[in-house]
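These are the residues of each chain, in order.
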Protein chains: 2
Amino acid sequence: MADKNMAVGKESEKMKGKQKAGGTYEKLKPYLEQAMALQTALMLFEWDNETLAPKKAGPYTAKVQGALSVLYQDLMAGEPVKSLLSQCQEEEGLTEAERAIVREAVEEKERLECIPPDEYRAFQELVSKSTRIWAKAREGQDFEAFAPTLEKIIFYQKKFAGYRAKKGQKLYDVMLDHYEKGFSMEKLDEFFGLLKKELVPLLHRIQDSGVEVETGFLKGGYPPEKQRELAEYLAEYVGFDFEKGVLSESAHPFTTNLHNHDVRMTTHYKERMDSSLFSVIHESGHAIYEMGVADELTQTLVGQGASMGMHESQSRFFENIVGRDEAFWEPIYPKLQELFPEKLRDVSRKDFVRAVNQVQPGLIRTEADELTYSLHVLIRYELEKQLIEDGLDVEKLPGLWADKYEEYLGIRPQNPAEGVLQDIHWAQGSFGYFPSYALGSAFAAQMAAFMKKSMDFGELLRKGEVKVIRETLRGHIHRFGKLRDSRRLLKDMTGEDFNPQYYVEYLKGKYGELYGIGG
Amino acid sequence: MADKNMAVGKESEKMKGKQKAGGTYEKLKPYLEQAMALQTALMLFEWDNETLAPKKAGPYTAKVQGALSVLYQDLMAGEPVKSLLSQCQEEEGLTEAERAIVREAVEEKERLECIPPDEYRAFQELVSKSTRIWAKAREGQDFEAFAPTLEKIIFYQKKFAGYRAKKGQKLYDVMLDHYEKGFSMEKLDEFFGLLKKELVPLLHRIQDSGVEVETGFLKGGYPPEKQRELAEYLAEYVGFDFEKGVLSESAHPFTTNLHNHDVRMTTHYKERMDSSLFSVIHESGHAIYEMGVADELTQTLVGQGASMGMHESQSRFFENIVGRDEAFWEPIYPKLQELFPEKLRDVSRKDFVRAVNQVQPGLIRTEADELTYSLHVLIRYELEKQLIEDGLDVEKLPGLWADKYEEYLGIRPQNPAEGVLQDIHWAQGSFGYFPSYALGSAFAAQMAAFMKKSMDFGELLRKGEVKVIRETLRGHIHRFGKLRDSRRLLKDMTGEDFNPQYYVEYLKGKYGELYGIGG
């Protein structure tokens, strides 16, 4: 139904154009389909490597992945795609989807062709070793062992950003743009400035409140097979369609997809039961997004989620705004008690919900609660900016990192493994990625504020009607894939440009109530 | 160690050639690597479809597979591979492996380019529907529903064989050659003639012997999770390396591989425990073959098993010659009793081995015992020959099928589902494939006869030293991949060309003893 209003791939729309200039787009299409097929194969290999492939397959399978990548690059940056694309940019009468696909293809082609092949190869070689070096350094709590590699990675990243930069564009802005269009440093300084100003004091008020939250019952005595049963139940409950998806296990939870009819996510079963529980709801949010992309768009260059931040908004919407709301548990908490009678029989729903919403500043981002999470991201944003724009000496990172944790979160890492070495992102060459985690939370809060105006959100959750919420998100966000960027989607949905004030209000309201302090 | 004698990819060998004509082969190599990478991706998709992919993914993923196939075909049959290949055919100084790779690539290129693209597409479309039509017809026990499709498939298969035929070559010989080089109708008539002459009377003698074998205890009361434990134990016991392989479940057991460090097999757990038990040993034989291919050959066009028949020889060697020998069970039968105490405590090893060697003519090939199996294949060979060479009317198939079963096996199918519709092969367009099943058994028997001359086979099994047997097969067969054809490998190993007499002797000896009848 929602799809009726969407002007995508419809014949009528196609015909609206003044002229169909020789069907160049039709000539381009099979090449793009082949490129997408190669990407899909690469995704399947990645999935398989993380979930199933035997231990010793790695180096051999890496060759296969390398060859497929080269085929992809040759296809997208070579002839005939190159000429067809430049003809298509002039072509009139394309649908919105076709224009968006051409736009994405041009960007991809430019990204691939602007870097001199020998430099690209040297960087690929560097990165193929760097995550191992990073992992070893982390294990040995030895930043010095990683520093020279990190320096080289930053060198290449800046170089490549320089190739891609438009006139006068700053290098870190080029990197940010890759993950989230429309969020330059100017915009992010404002965003993170607000978070720092509002959330650090809020955290202090919570810590000063003297409220103690009991969480001991969340840990231990939750057998993996029961956790698995719960994971499948919850995934289905929030809307993960097992006829179009798979839930497996891996060291770190993630979601990937081959197309909108094959979306795969993983989890891991730990001692603390809320770890897998919320990771499954989180990954379900990512998966539901991909399952909701319109059939007309899937398997094209705009057939995936709009951006990193928009993706994260959907996973966090389901994890936090839906999954950590007491109303969500009203219909299903008895099911939880039934699965773990010995652990939860005597724990009230209220106490369970309080426990999974406990605020507890910690050193590790991936274990952070909903409130402190953005402060972890803030620290990384500030440091990345200094590394890329101010030539910050890599050697100074561990100290600065520790100082910032002390300043914002009140705790100080005792070694680099729980400090600057905790994340894999920089080792992979991903600079400019972190902000999207915080943006996602803010997007989600803005969407929630909008939705709560037109529907009784709590009542829907209490009635178990997650579907209504999900379909609303699908209608406004999911079905459009990458057709429009995140700011446009947000504006089309909420009637307003990105406004982080909603996020601050949401957190103040939520924790004000939970900790009995004034917002 | 075994690899030391193998003249593959060694610099010294490379240099032996009179001249290295401009390194054309080096130019060809990256293209072939890309082609292999595409094939590997297609194999992973196939594996994934059979074992994990969600229900509704099919039609979307099929598009991806289609696009990858086209990329593969364009690469192998297009420029620059075409010119490079014809230059390489003239090039001197290539190693044995390089020459074999060029030979395979030329064959593949010719196979791909000789069929007019529109006919190939029409056939692909036909085949994409035909297995569904076949499955439905089988379900409905309705041969008429499949006959017109089968007729079309035969039409195309004959047409395509015609394109590939050398001057004067018969069409069925072209098809046979595709699966097993060196085994034309002339050779197979002789082979199957011998089987018919020797095995049909042997079967009658067994049936007349009056010996009853107790098999009731094999069925029921074997929980799947215990069967799984046994499967993993047995696979490892015969030499499946779980660091280079995966065991999963699927509707029909099969083995596939990405390369020699990633070999995957499946099984299914049924009520009759010997079904999965021997299917796992059988598939382990296939897997061990692929794991044994030399590192220098894997990921090239000669990096897989030599032929269908040679592959089947290894799976049947492990399943029958190793796995159904009482000596094999001597060290591990207690383990089996321990896993299923209630079922097997009171069953002696001797009775267990007798039970899993029972001869019982049946209608279904895949459930046949070791002796009658080849007779099922004989029937298919005779009918295929008539269909392709004598223009046998498809409508007459069910009747002829039933008559042959009655003649050779003494039983008559009551409907086409247990008769002519039982196998998927024809619906997939595979004509000439069946003989390799019987050839495999005969290859295995010839190898076993050779090995038994130089080692105490029974003693090795009794001591649990399957490794010695496996390494012997690896040294003579596995490591060579597709470098040499099956007749050459057999001759190099046993010192003798293919000789089916060993197979007949093996069966006569084995069943003569088991059923107490004169060989």
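Notes on the structure in this doc start here. (Residues numbered from 1 in each chain as written. Chains lettered and ligands numbered in written order. Predicted model: local features only at pLDDT ≥ 70, side-chain atom pairs only at ≥ 80, totals over all residues. Heavy atoms only, no water.)

1. Thoughts on the overall build of chain A
Broken down by element type, chain A carries 23 helices and three strands. A globule of 519 residues ought to have a C-alpha radius of gyration of about 24 Å, and chain A, at 23 Å, matches this closely. Expressed as lengths along the three principal axes of its C-alpha atoms, the size of chain A is roughly 70 × 55 × 45 Å. Looking at chain A residue by residue over its 519 residues, the buried ones come to 57%. At a minimum sequence separation of 6, the contacts of chain A that also span at least 24 residues come to 75%. Carbon and sulfur atoms make up 48% of the accessible area of chain A, which amounts to about 21900 Å² in all. (Helix = DSSP H or I, 4+ residues; strand = E, 2+ residues; numbered from the N terminus. Rg over C-alpha atoms; globule rule 2.2 N^0.38 Å. Buried < 20%, exposed > 50% of the residue type's maximum accessible area, 1.4 Å probe, protein only. Contact = heavy atoms within 4.5 Å. Areas by Shrake-Rupley, 256 points an atom, 1.4 Å probe, with all protein chains shown as cover.)

2. Observations regarding the pattern of salt bridges
Residue and element names in this part refer to chain A. Under the counting rule described, the total for this entry stands at 66 salt bridges over all chains. One salt bridge connects Asp177 with Lys181, and the closest N-O pair in it is separated by 3.7 Å. By relative accessible area, Lys181 is classed as partly exposed at 26%. Of the charged contacts, one joins Asp492 and Arg488 as a salt bridge, the two residues approaching to 2.9 Å between their closest N and O atoms. You can see Asp492 and its partner Arg488 sitting in helix H22 (residues 486–494), four residues apart, about one turn around the helix. (Salt bridge = Lys/Arg side-chain N within 4 Å of Asp/Glu carboxyl O.)

3. Structural notes on the nonpolar core
In this structure, A:Phe352 and B:Phe352 are the most contacted members of the largest nonpolar core, which totals 328 residues. Setting aside residues up to four positions removed in sequence, A:Phe352 forms contacts with A:Phe217, A:Leu218, A:Met273, A:Leu277, A:Trp329, A:Tyr333, A:Leu336 and A:Val347. (Core = buried A, V, L, I, M, F, W, Y, C linked by side-chain atoms within 4.5 Å.)

4. Observations regarding the sheet that holds strand S3 (residues 262–267) of chain A
Residues and elements named next belong to chain A. The strand order across the open sheet built from three strands is S1-S3-S2, with neighbouring strands paired in mixed fashion. Two strands bound the open sheet, and with one partner strand each, they are strand S1 (245–249) and strand S2 (255–259). Each adjacent strand pair in this sheet contributes to an overall mean axis angle of 20 degrees, direction not counted. Of the pairings in the sheet, the one linking S2 to S3 comprises four bridges and is antiparallel in character. Bridge assignment links Asn257 to a residue of S3, and that residue is Val263. Strand contacts of helix H2 (residues 24–51): S1, S2 and S3, with the helix running at about 145 degrees to S2, the strand carrying the most contacts. (Pairing = 2+ DSSP bridges. Axes fitted to C-alpha atoms, helices over the stretch in contact; angles between N-to-C directions.)

5. Concerning the sheet that holds strand S3 (residues 262–267) of chain B
Residue and element names in this part refer to chain B. A sheet is described by the order of its strands in space; here three strands give the open sequence S1-S3-S2, paired in mixed fashion. Here the strands that pair on one side only, and so sit at the sheet edges, are strand S1 (245–249) and strand S2 (255–259). Neighbour-to-neighbour, the strand axes of this sheet turn through a mean angle of 20 degrees, independent of strand direction. The pairing of S1 with S3 spans five bridges and is parallel. The residue bridging Ser248 from the neighbouring strand is Thr266, located in S3. Against the sheet, helix H11 (residues 273–291) contacts S1, S2 and S3, and its axis sits at roughly 165 degrees relative to S3.

6. Quick word on the interface of chain A and chain B
Taken together, the contact between chain A and chain B spans 39 residues of the former and 39 residues of the latter. Counting the surface lost from both chain A and chain B, the interface buries some 3200 Å², and carbon and sulfur atoms represent 66% of this. Per-residue buried area on chain A facing chain B is highest for A:Lys56, A:Tyr60 and A:Glu243; these three make up 20% of the total on that side. There are six salt bridges connecting chain A and chain B. The shortest N-O distance in the salt bridge between A:Lys56 and B:Glu243 comes to 3.1 Å. For the interface between chain A and chain B, the tally reads twelve residue pairs in polar contact (both at pLDDT 80 or more). At the level of secondary structure, the elements contributing two or more residues to the side of chain A that touches chain B comprise H2, helix H3 (58–77), S1, S2 and S3 of chain A. For the side of chain A that touches chain B, the element with the most residues is H2(A), which contributes ten residues. Broken down by class, the residue content of the side of chain A that touches chain B amounts to 19 nonpolar, nine polar and eleven charged. (Buried area = accessible area lost by both parts, 1.4 Å probe. Polar contact = N/O pair within 3.5 Å; in protein donor to acceptor, adjacent residues only side chain to side chain. Nonpolar A, V, L, I, M, F, W, Y, C, P; charged D, E, K, R; others polar.)

7. Side note on the relation of the copies chain A and chain B
Each copy superposes on the other: chain A lies on chain B with an RMSD of 0.0 Å after a rotation of 180 degrees and an axial shift of 0.0 Å. Those values place the two copies in the arrangement expected of a two-fold rotation axis. It is A:Ala41 whose C-alpha, among those of chain A, lies nearest the rotation axis, at 3.1 Å. A symmetric contact is evident, with 100% of the interface residues of chain A recurring at the interface of chain B. (Least-squares fit on C-alpha atoms with pLDDT ≥ 70 in both.)

8. Looking at the environment of B:Met265
Residues and elements named next belong to chain B. Its location among the elements puts Met265 in strand S3. In this structure Met265 comes out as buried when scored by relative accessible area, which is 0%. Each C-alpha atom of the pair Met265 and His204 lies 36 Å from the other, and the pair is 61 residues apart in sequence. Apart from residues lying up to four places away in sequence, Met265 is in contact with Trp47, Ala235, Phe240, Val246, Leu247, Ser248, Phe254, Thr255, Val280, Glu283, Ser284 and Ala287.

9. Some thoughts on helix H10 (residues 224–238) of chain B
Residues and elements named next belong to chain B. Its 15 residues place the ends of H10 21 Å apart at the C-alpha level, agreeing with the 21 Å of an ideal helix rising 1.5 Å per residue. Turning to H10, its buried residues number three or more, namely Gln227, Leu230, Ala231, Leu234, Ala235, Tyr237 and Val238. The buried residues of H10 all sit within an arc of 160 degrees when viewed along its axis, so they share a single face. Those residues of H10 that are exposed and angled more than 90 degrees off the buried face are Glu225 and Glu236. Immediately downstream of H10, the backbone of Gly239 shows phi near 125 degrees, a positive value. (Expected span 1.5 Å × (residues − 1). Arc of directions from axis to C-beta.)

10. Section: the side chain of A:Arg484
All names here are of chain A. Note that Arg484 resides in the loop between helix H21 (466–476) and H22. A distance of 2.8 Å separates polar atoms of two side chains, one belonging to Arg484 and the other to Glu96. Sequence-distant contacts of Arg484, that is, excluding residues within four places in its chain, are made with Glu96, Ala306, Leu489 and Asp492.

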